[in-house]
Amino acid sequence: MIQLRAKRILRSLLLGLVCFLLISSAVKSQDKPVLTVAVEPVFPPFEFKASNGDFQGFDVDLIRAVGEAGGFGVKFQSIPFDGIIPALQAGTADAAVAAMTITEARSQAVAFSRPYFKAGLAIAVRDGTTGVTKLDDLKGKAIAVQIGTTGAKAASAVPGAKVRTFDAAVLALQELKNGNVDAVVNDSPVTLYAIKTGNLQGIKIVGQLLTEEFYGIPLPLNSPNLQRVNGGLTTILQNGTYAQIYQKWFNAQPPQLPESAFGTAQTAQKTPIGSLSVILNALPTLLKGALITLQLAAVSVFFGLIGGSLIGIARLSALAPVRWAARAYIDFFRGTPLLVQILMIYFGFPALLQSAGLNFTFNQFAAAIVALSCNSAAYIAEIVRGGIQSIEVGQSEAAQSLGLDSVQALRHVVLPQAFRRMLPPLGNTFITLLKDTSLVTIIGYAELLREGQLIIAENYRPFELYAVVALVYLALTLLSSQGFSYLERAMNPVNRSSSRTQKRSLQSESPRAER
Ligand code: ARG
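It should be emphasised that the depicted structure is a prediction, and the values quoted were computed from it without experimental measurement. (Residues numbered from 1 in each chain as written. Predicted model: local features only at pLDDT ≥ 70, side-chain atom pairs only at ≥ 80, totals over all residues. Heavy atoms only, no water.)

Caption draft 1: Quick look at the environment of Ala161. Among the secondary structure elements, Ala161 is positioned in the loop between α5 (150-156) and β11 (162-166). Along the backbone, Ala161 and Leu135 are 26 residues apart, and their C-alpha atoms lie at a distance of 10.0 Å. Look past the residues within four positions of Ala161 in its chain and what remains in contact with it is Leu138, Gly140, Lys141, Ile143 and Ala155. (Helix = DSSP H or I, 4+ residues; strand = E, 2+ residues; numbered from the N terminus. Contact = heavy atoms within 4.5 Å.)

Structure representation (structure tokens):
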């Protein structure tokens, strides 16, 4: 009893201590605010991760120096580039450093600091490519870009160009290196850095800079921190710290920067477009994406069924090595993330073959189908095995005693019954697959989710668009589960003949026993 009491007192004391520490640390940090700064740390030399996991790069050094001069601390948060403006709008980040160009459209969604870097877009091609020096030369060609960037915008303005959008610039450059596209349009300093560090061999920049762009630090509209950031920036531009950081990363003297790019957020207060028109405008594109999603799922489940059935039967083989091989396949594809498999198949596989001297490239659709089919085959194999094993051995023995051989018995007696039992789990697998098709956005394939992301990258309306995308997926999965219930009913001989049976059983008063 006493012990219990002592324990309780001790616990409340501890709790009080923790509360005190929390409150006092909050009070202490109040004299110097800490801003959550979004970064996309795969854009060297502006922001990337060191081998020890620390953030580094020009932008990272810059914002730290700006914080020191402007009187705020910095806490980094990694966010994909196309998620940065939505994060600022949602208030999950206070600012961002992402080599983000100050544009008029963006200035309606966020407030930019004064310009802190002068850059421009450049075209990159594989060594040996000739006849490309300007955007016009890319007519009808395949161009890889990073989603939501000024490069993506420039590429999509080229008539007839097939633009493939990737989540990261490095993926777009990898795509060029692998020979899947003809060119990349990207910020010149980033492409140059990748070439210079030797991480990207066989690629060169051609022609002149396509644009002159200024990077700014975006903050939420009307952010109280804008002044701090601008103050800090002005200080380090004047006291030489900026030039030092520039020298460190670019080995050169910084160019003169203007005091403002152009339309700043304060001047650009246009009336926002209503949610309904945002949705209506997006709907046709999203429905097109939905069709592609369905197509991906249907083709993959087709191949997955064939592969899965073979592997599932192999799992039951009398030959041990065949069983082991099937087991290994299932373990691998079930035990590794589908996302990794997609990346491996699309980026890894061609790179491997090319390093072996083979000229092999993957088309996105084919790569997506291969990845999704291989993955679903692993799950389907287990369903097939379970289904077959659930049919009593007596069935197959009876069939064989009637003169069927073992394959015939499997085909005519066991499989038809097993298939019915497999239907519900197969339905589950199909629905999972349907949703998992969204993972192929990573290779830039324009299915439903990607179409949504592309629209968000243009209009910065994540709420409406993700909601509609989710609803479209929901509609697709509900429809498929309806389809599967129908199939189940149609394939059930008891149900199929139920009306007849019912009549008969009413007459004979001896209902046919359900299994
Ligand atoms: N400057 C270009 C833009 O603003 C590309 C920026 C990409 N930045 C990044 N962190 N990936 O659109």
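After presenting the structure, the write-up continues.
Caption draft 2: Looking closely at the packing of aromatic side chains. Here the structure, examined in full by the defined rule, presents 28 aromatic pairs. A centroid spacing of 4.6 Å and a plane angle of 35° characterise the contact between Tyr329 and Phe333, whose relative ring orientation is tilted. With Tyr329 and Phe333 both in helix α11 (residues 320-335) and 4 residues apart, the pair spans about one turn of that helix. For Phe333, a relative accessible area of 13% gives the class buried. (Phe/Tyr/Trp six-rings, centres within 6.5 Å; stacked < 30°, edge-to-face > 60°. Buried < 20%, exposed > 50% of the residue type's maximum accessible area, 1.4 Å probe, protein only.)

Caption draft 3: Highlighting a nonpolar patch on the surface. A surface patch of nonpolar side chains, about 410 Å² in accessible area, is lined by Phe302, Phe303, Ile306 and Leu310. The topology assignment puts Phe303 in helix α10 (residues 275-314). (Patch = residues over 30% accessible without salt bridge, like charges linked within 9 Å, V, L, I, M, F, W, Y side chains within 5 Å. Areas by Shrake-Rupley, 256 points an atom, 1.4 Å probe, with all protein chains shown as cover. Salt bridge = Lys/Arg side-chain N within 4 Å of Asp/Glu carboxyl O.)

Caption draft 4: Structural context of the pairing of strand β1 (residues 34-39). The buried fraction of β1 amounts to 5 of the 6 residues, a majority that puts the element mostly inside the structure. Across 6 bridges, the pairing between β1 and strand β5 (residues 73-78) is parallel. Residue pairing in the sheet places Thr36 in a bridge with Lys75 of β5. (Pairing = 2+ DSSP bridges.)

Caption draft 5: Examining the site of the ligand more closely. If you check the shell around the ligand, you find 14 residues, and the closest are Glu40, Thr101, Arg106, Thr150 and Asp187. Between the ligand and Glu40, the relevant distance is 2.5 Å, taken from a nitrogen atom to a side-chain nitrogen or oxygen of the residue. Between the ligand and Thr150 there is a distance of 2.7 Å, counted from an oxygen atom to a backbone nitrogen or oxygen. Coverage of the ligand by the protein amounts to 100% of the 340 Å² it exposes when considered alone. Here the ligand is seated within the largest cavity. (Near = heavy atom within 4 Å. Polar contact = N/O pair within 3.5 Å; in protein donor to acceptor, adjacent residues only side chain to side chain. 1 Å grid on protein atoms, 1.4 Å probe; cavity = no way out; pocket = protein on both sides within 12 Å on 5 of 7 lines; lining within 4 Å. Sits in = over half its atoms within 2 Å of the grid points.)

Caption draft 6: Spatial organisation of the layout of surface pockets. The calculated volume of the largest pocket comes to roughly 620 Å³. Around the largest pocket, the lining is made up of 25 residues, and of these Ala152, Ser156, Thr165, Leu454 and Glu458 lie nearest the centre. Secondary structure elements with two or more residues in the lining of the largest pocket: α4 (104-109), α5, β11 and α16 (448-459). When residues of the lining of the largest pocket are assigned to their parent elements, the largest contribution, 5 residues, is made by α16. Counted by class, the lining of the largest pocket contains 10 nonpolar, 9 polar and 6 charged residues. (Points joined across faces, edges and corners; volume = space filled by probe spheres on them. Nonpolar A, V, L, I, M, F, W, Y, C, P; charged D, E, K, R; others polar.)

By themselves, these figures tell us nothing about what the structure is for.
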